[in-house]
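# Analysis of the macromolecular model
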Amino acid sequence: DEGLTERDNTNAESIETNDITDTHRKGPVGWFFDRPALIWVFFLSFLYSTVFDLSRHYGNWVGNFGPEKQAHYLNFTWVDWTATCLLAGVTLAGTISLVLLKRVAATLFVSVLFINIIILGYQMLLGTGTGIAGTNLTSLVMGFGIYVLICFYSVSLRLTGVLK
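Residues numbered from 1 in each chain as written. Predicted model: local features only at pLDDT ≥ 70, side-chain atom pairs only at ≥ 80, totals over all residues. Heavy atoms only, no water.

Right, let's talk about the packing of aromatic side chains for a bit. Describing an aromatic ring pair means giving the distance of the ring centres and the angle of the ring planes. Enumeration over the complete set of coordinates arrives at six aromatic pairs. For the pair Phe46 and Phe109, a centre-to-centre distance of 5.3 Å together with 40° between the ring planes defines the contact as tilted. Here the residue Phe46 occupies a position in helix 3 (residues 37-62), and Phe109 occupies one in helix 6 (residues 104-125), the gap between them amounting to 63 residues. Residue Phe46 is classed as buried on the basis of its relative accessible area of 4%. Under the relative-accessibility criterion, Phe109 is labelled buried at 0%. (Phe/Tyr/Trp six-rings, centres within 6.5 Å; stacked < 30°, edge-to-face > 60°. Helix = DSSP H or I, 4+ residues; strand = E, 2+ residues; numbered from the N terminus. Buried < 20%, exposed > 50% of the residue type's maximum accessible area, 1.4 Å probe, protein only.)

Given below as structure tokens:
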């Protein structure tokens, strides 16, 4: 490369840099396929379940599902409502940060797991139990299993550099 001048080397380096930054400007279709498929599975699953859960809580609270269900929600303490809103907010933030490939996703999902554990302990030991009333052991194990799985997955994505 004796025929290359300093200016040619600089142009070659800027072309390589542009190639790297162009991967982030692929448009919606390219952006969609840049993410691992499992990220989309978790994103859609958590987005659906969180929005469904919030709409179910609201519907029960205003009495759309009958007086017996509304009576259950009227027994919620401020801790129950705070935990419901906190978990929904942190889960949505983690879900959105995961699909945006942000490093904070791993921290948010680990936080959701610990908040769930704390709330479960509170409900079983100190609380009224209204937050877990009607929950069977199978659904409890499955719910925690999914959160443990997303924690491991998001931490592994963070360690391998996929989450930036």
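Following the sequence through the fold, Tyr147 ends up in helix 7 (residues 137-159). Separated by 33 residues in sequence, Tyr147 and Phe114 place their C-alpha atoms 9.7 Å apart. Not counting residues up to four positions away in its chain, the partners in contact with Tyr147 are Phe46, Thr91, Val112, Leu113 and Asn116. (Contact = heavy atoms within 4.5 Å.)

So, on to the pattern of salt bridges. When their charged atoms lie close together, side chains carrying opposite charge are able to pair. Taken as a whole and judged by the stated rule, the model has one salt bridge. We note a salt bridge from Arg56 to Asp53, for which the minimum N-O separation is 2.3 Å. Taken together, the positions of Arg56 and Asp53, both in helix 3 and three residues apart, correspond to about one turn of that helix. (Salt bridge = Lys/Arg side-chain N within 4 Å of Asp/Glu carboxyl O.)

Let us look at the confidence of the model for the protein. Do not read the predicted coordinates in detail wherever pLDDT is low. Here the protein averages 78 in pLDDT, while 74% of its residues score no lower than 70. Contacts for the low-pLDDT stretch residues 14-22, under 50 throughout, to residues beyond four places or in other chains number zero contacts. (pLDDT = per-residue confidence, 0-100.)

The next thing to look at is helix 7. For helix 7, spanning 23 residues, the distance from its first C-alpha to its last is 33 Å, which sits close to the expected 33 Å at 1.5 Å a residue. Within helix 7, the full set of buried residues consists of Phe144, Tyr147, Ile150, Cys151, Tyr153, Ser154 and Leu157. On the buried face of helix 7, the contacting elements are helix 3, helix 5 (78-99) and helix 6. One or two residues past the end of helix 7 sits Gly161, with phi positive at roughly 90°. (Expected span 1.5 Å × (residues − 1).)

A few words on a nonpolar patch on the surface. A surface patch of nonpolar side chains, amounting to about 440 Å² of accessible area, comprises Tyr58, Trp61, Val62 and Leu74. The class for Trp61 is partly exposed, based on a relative accessible area of 46%. (Patch = residues over 30% accessible without salt bridge, like charges linked within 9 Å, V, L, I, M, F, W, Y side chains within 5 Å. Areas by Shrake-Rupley, 256 points an atom, 1.4 Å probe, with all protein chains shown as cover.)

So, on to the nonpolar core. Among the nonpolar cores identified, the biggest contains 24 residues, and Ile39, Leu98 and Ile150 are the most heavily contacted of them. Elements with a contribution of two residues or more to this core: helix 3, helix 5, helix 6 and helix 7. Counting residues per element, this core draws most heavily on helix 6, at seven residues. When neighbours within four sequence positions are excluded, Ile39 is seen to be in contact with Leu98, Val99, Leu101, Tyr153 and Leu157. (Core = buried A, V, L, I, M, F, W, Y, C linked by side-chain atoms within 4.5 Å.)

Moving on, we come to the packing of helix 6 against helix 7. Interhelical geometry of helix 6 versus helix 7 gives an angle of 155° and a closest axis separation of 8 Å. As summarised for this structure, helix 6 and helix 7 are arranged roughly antiparallel, according to the angle between their axes. Crossing geometry of helix 6 relative to helix 7 is assigned as left-handed. Two secondary-structure elements touch here, helix 6 through Ala105, Ala106, Thr107, Phe109, Val110, Val112, Leu113, Asn116, Ile117 and Leu120 and helix 7 through Leu140, Phe144, Tyr147, Val148, Ile150, Cys151, Ser154, Val155 and Arg158. Taken together, the residues of the contact of helix 6 with helix 7 break down into 15 nonpolar, three polar and one charged. (Axes fitted to C-alpha atoms, helices over the stretch in contact; angles between N-to-C directions. Parallel < 35°, antiparallel > 145°, perpendicular 65-115°, else oblique. Left-handed = near helix turned anticlockwise from the far one by under 90°. Nonpolar A, V, L, I, M, F, W, Y, C, P; charged D, E, K, R; others polar.)

Looking at the secondary structure, you find Val51 in helix 3. Between the C-alpha atoms of Val51 and Ala88, which are 37 residues apart in sequence, the distance is 8.2 Å.

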